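Residues per chain, in single letters:
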Amino acid sequence: MMYGFGDDPNPLPETVALVEDIVVEYVTDFAHKAQDIGSRRGKLSVEDFLYLVRKDAPKLNRCKELLSMQEELKQARKAFDVDEDKLAATLD
């Protein structure tokens, strides 16, 4: 992750540990906030996370992009499984 943002290919272990601590704290805090929102309805959902990033347009757009790609991959896997089953049936 750090190299992708322009850091050295082999960063110092202390730097890696610091960035890891920051990321873990951020993700944990973000998940707790989403859980607080979801607890009102009784369950945690994707919409809870989208609600948290609603005012940050780049994050919201990236989330929506990743969710649509996930759906496309799910559909592709489903189509592949169906084709594989048909192929197996024709070979028997």
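Structure: see above.
Focus on the pattern of salt bridges
Point 1. Counting across every chain of the model gives five salt bridges.
Point 2. When the shortest N-O distance is used, the salt bridge between Asp56 and Lys59 registers 3.6 Å.
Point 3. By relative accessible area, which is 28% here, Asp56 ends up partly exposed.
Point 4. Here Arg62 and Glu65 are joined by a salt bridge, their closest N and O atoms 3.5 Å apart. Of this pair, Arg62 and Glu65 both sit in helix α3 (residues 57–91), separated by three residues, roughly a single helical turn.
Point 5. Owing to a relative accessible area of 39%, Glu65 belongs among the partly exposed residues under this scheme.

Some points on the packing of aromatic side chains
Point 1. Counted under the stated rule, the structure contains two aromatic pairs.
Point 2. Judged by centre distance (5.9 Å) and plane angle (15°), the ring pair of Tyr26 and Phe30 falls under stacked. In this pair, Tyr26 and Phe30 are both assigned in helix α1 (residues 13–39), four residues apart and thus about one turn of the helix distant.
Point 3. When the ring of Phe30 is compared with that of Phe49, the centres are 5.6 Å apart and the planes differ by 35°; the resulting orientation is tilted. Taken together, the residues Phe30 in helix α1 and Phe49 in helix α2 (residues 46–52) connect sequence positions 19 residues apart.
Point 4. These aromatic residues form a ring-pair network of at least three members: Tyr26, Phe30 and Phe49.

Rules behind the numbers
- Residues numbered from 1 in each chain as written.
- Predicted model: local features only at pLDDT ≥ 70, side-chain atom pairs only at ≥ 80, totals over all residues.
- Heavy atoms only, no water.
- Salt bridge = Lys/Arg side-chain N within 4 Å of Asp/Glu carboxyl O.
- Buried < 20%, exposed > 50% of the residue type's maximum accessible area, 1.4 Å probe, protein only.
- Helix = DSSP H or I, 4+ residues; strand = E, 2+ residues; numbered from the N terminus.
- Phe/Tyr/Trp six-rings, centres within 6.5 Å; stacked < 30°, edge-to-face > 60°.

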